[in-house]
Amino acid sequence: MKIISSVSEMQQQALSWERAGTQVGFVPTMGFLHEGHLSLIDLIRERAEILVVSIFVNPTQFAVGEDLEKYPRDMERDLALCESRKVDYVFAPENKYIYPPGASTFVSEEKVSLGLCGQTRPSHFKGVTTICSKLFNLCRPTWVALGQKDAQQVVVIKRMIQDLHFPIEVVIGPTLRDYDGLAMSSRNSYLNDRQRKDALLINQALRSGASLVEEKDVRNVDRVKAEVMTVLRQGSLLRVNYAEVVNRETMELENEIKPGRSMLIVAAWVDSIRLIDNWLLG
Ligand code: AMP
């Protein structure tokens, strides 16, 4: 496994793969890897000749006052995990080379990004689309693997790939969960026992809502949302940001539940820790 930290070296390497017709699979991450990340690596290794993982905590997707400084990091452990999953290249650039002084160009998607997480984190997706554009230009992948856990991010990035004509195919991996149902996230490392107990309610709420649709044939959005909220309100440390039923392809709010198309999506804070999760209905 080779580790590249230089932006120009990464680009030269990727251009030489491109010239040789070598197909590259790419998994962008912010590090502190868990099984969710590793499942994306496994998913894309099947098809790619070269497998590149990026590890970069992207400052532009954090707003002032969010958890950029304390975001968990462990490069040594991440590299060992990548090595164990037969990653070929890890791209771990330094911030000052990704965003050199004077950098003033950003990429923003201006529709899907506005709702849901975009309402509470107005600059977040602009940071995500900007870093993904940079990483795509530097690593020149044929495939990029993204996790369904960040459902809105998937739709935003797919839209950007289409709009900016990146020759990249998106491969989506299912959400990996801990034994107790909590969606894996690097941010779970912030949770103490009490907080984790309340965080679990997010998964329970999604399951309760989904069971109305799947077992009782409920198609009424308000009824399902009410069920989700009833479960979420059991958490004294939990504050709901949103709980919605959306079209999984567009992230637009649904008027009626369409099994196979509609998705329950939740964001909530447990104390100050913001968690997201979702569940495909039907
Ligand atoms: P992050 O390091 O949080 O930016 O995530 C990097 C990639 O891993 C994104 O495509 C995420 O959607 C994906 N990911 C994060 N958590 C999970 C999970 N529990 N299951 C599957 N994929 C995940």
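Remember, it's a predicted structure, so these values are computed and weren't measured experimentally.

**Q** Just give me the short version of the site of the ligand, but keep the residues and values in it.
**A** Taken together, 17 residues surround the ligand, and among them Met30, His37, Asp150, Leu176 and Met184 come closest. His37 is positioned with one of its side-chain polar atoms (N or O) 2.8 Å from an oxygen atom of the ligand. At a separation of 2.8 Å, a nitrogen atom of the ligand approaches a polar backbone atom of Leu176. Burial of the ligand by the surrounding chains reaches 92%, relative to a free accessible area of 490 Å². Sorting the residues of the shell around the ligand by element identifies strand 2 (24-29), helix 2 (35-45) and strand 5 (143-147) as the ones contributing at least two each. Its residues assigned to classes, the shell around the ligand comprises eight nonpolar, seven polar and two charged.

**Q** Can you explain the domain arrangement of the protein? Please cite residues and give values.
**A** What the domain assignment reports for the protein is domain 1 (2-173) and domain 2 (186-280). Its C-alpha centre places domain 1 at a distance of 26 Å from the equivalent point of domain 2. Listed per partner, the contact involves 21 residues of domain 1 and 19 residues of domain 2. Here domain 1 packs against domain 2, burying approximately 1,700 Å² in sum over the two surfaces, 56% of which is carbon and sulfur. Linking domain 1 with domain 2 are two salt bridges. Ionic pairing is found between Lys111 and Glu252, a salt bridge with its closest N-O pair at 3.8 Å. At the surface where domain 1 touches domain 2, the tally comes to seven residue pairs in polar contact (both at pLDDT 80 or more).

**Q** Describe unusual backbone geometry, naming the residues involved and giving the relevant values.
**A** A negative phi angle characterises most non-glycine residues, just as the trans form characterises most peptide bonds. Located in the positive-phi region is Phe32, a residue other than glycine, with phi close to 50°. Along the chain, the position of Phe32 falls in the loop between strand 2 and helix 2. On the accessibility criterion, Phe32 (22% relative accessible area) is partly exposed. A positive phi angle, close to 70°, is found at Met251, a residue other than glycine. On the secondary structure map, Met251 appears in the loop between strand 7 (238-247) and strand 8 (262-270). Classification of Met251 as buried rests on a relative accessible area of 7%.

**Q** Give a description of the nonpolar core that names residues and reports values.
**A** Val52, Phe136 and Met251 are the most contacted members of the largest nonpolar core, which totals 42 residues. Both domain 1 (2-173) and domain 2 (186-280) contribute no fewer than three residues apiece to this core. Setting aside residues no more than four positions away along its own chain, Val52 makes contact with Met10, Trp17, Val24, Gly25, Phe26, Val27, Tyr89, Phe91 and Cys139. Counting 35 residues, the second-largest nonpolar core is a separate cluster that includes Tyr71, Ala199, Ala243 and Ile273.

**Q** Please provide a residue-by-residue account of helix 2, values included.
**A** Among all positions of helix 2, only Gly36, His37, Leu38, Ser39, Leu40, Ile41 and Ile44 are buried. Against strand 2, strand 3 (50-55), helix 3 (75-84), strand 5 and strand 6 (169-173) lie the buried residues of helix 2.

**Q** How would you summarise the sheet that holds strand 7 if you had to cite specific residues and measurements?
**A** As summarised here, the arrangement of the three strands in space is 7-8-9, forming an open sheet in which the pairing is antiparallel. Here the strands that pair on one side only, and so sit at the sheet edges, are strand 7 and strand 9 (273-280). On average, each strand axis in the sheet is inclined to that of its neighbour by 15°, with strand direction left out of account. Contacting strand 7 and strand 8, helix 9 (residues 221-232) runs over the sheet at an angle of about 155° to strand 7.

**Q** Tell me about the packing of aromatic side chains, and name the residues and values.
**A** Counting across every chain of the model gives five aromatic pairs. A ring pair is formed by Phe136 and Phe166, whose centres lie 5.4 Å apart and whose planes are at 80°; its orientation type is edge-to-face. One end of the pair, Phe136, is in helix 6 (residues 124-139); the other, Phe166, is in the loop between helix 7 (151-163) and strand 6, and 30 residues separate them in sequence. The pair Phe136 / Phe166 is uniform in exposure class, with both members buried. An aromatic cluster is defined as three or more aromatic residues linked by ring pairs; in this entry it consists of Phe26, Phe136 and Phe166. Residue placement shows Arg239 over the ring face of Trp269; its charged tip is 4.3 Å from the ring centre.

**Q** Kindly report on the environment of Gly127, identifying the contributing residues and their values.
**A** Tracing the sequence through the fold places Gly127 in helix 6. In this structure Gly127 comes out as buried when scored by relative accessible area, which is 1%. When sequence neighbours within four positions are dropped, the list of residues in contact with Gly127 reads Asn58, Thr60, Gln61 and Tyr99.

So, how was this worked out
- Residues numbered from 1 in each chain as written.
- Predicted model: local features only at pLDDT ≥ 70, side-chain atom pairs only at ≥ 80, totals over all residues.
- Heavy atoms only, no water.
- Near = heavy atom within 4 Å.
- Polar contact = N/O pair within 3.5 Å; in protein donor to acceptor, adjacent residues only side chain to side chain.
- Areas by Shrake-Rupley, 256 points an atom, 1.4 Å probe, with all protein chains shown as cover.
- Helix = DSSP H or I, 4+ residues; strand = E, 2+ residues; numbered from the N terminus.
- Nonpolar A, V, L, I, M, F, W, Y, C, P; charged D, E, K, R; others polar.
- Domains from an automatic or database assignment.
- Contact = heavy atoms within 4.5 Å.
- Buried area = accessible area lost by both parts, 1.4 Å probe.
- Salt bridge = Lys/Arg side-chain N within 4 Å of Asp/Glu carboxyl O.
- Buried < 20%, exposed > 50% of the residue type's maximum accessible area, 1.4 Å probe, protein only.
- Core = buried A, V, L, I, M, F, W, Y, C linked by side-chain atoms within 4.5 Å.
- Pairing = 2+ DSSP bridges.
- Axes fitted to C-alpha atoms, helices over the stretch in contact; angles between N-to-C directions.
- Phe/Tyr/Trp six-rings, centres within 6.5 Å; stacked < 30°, edge-to-face > 60°.
- Lys NZ or Arg CZ within 6 Å of the ring centre and 35° of its normal.

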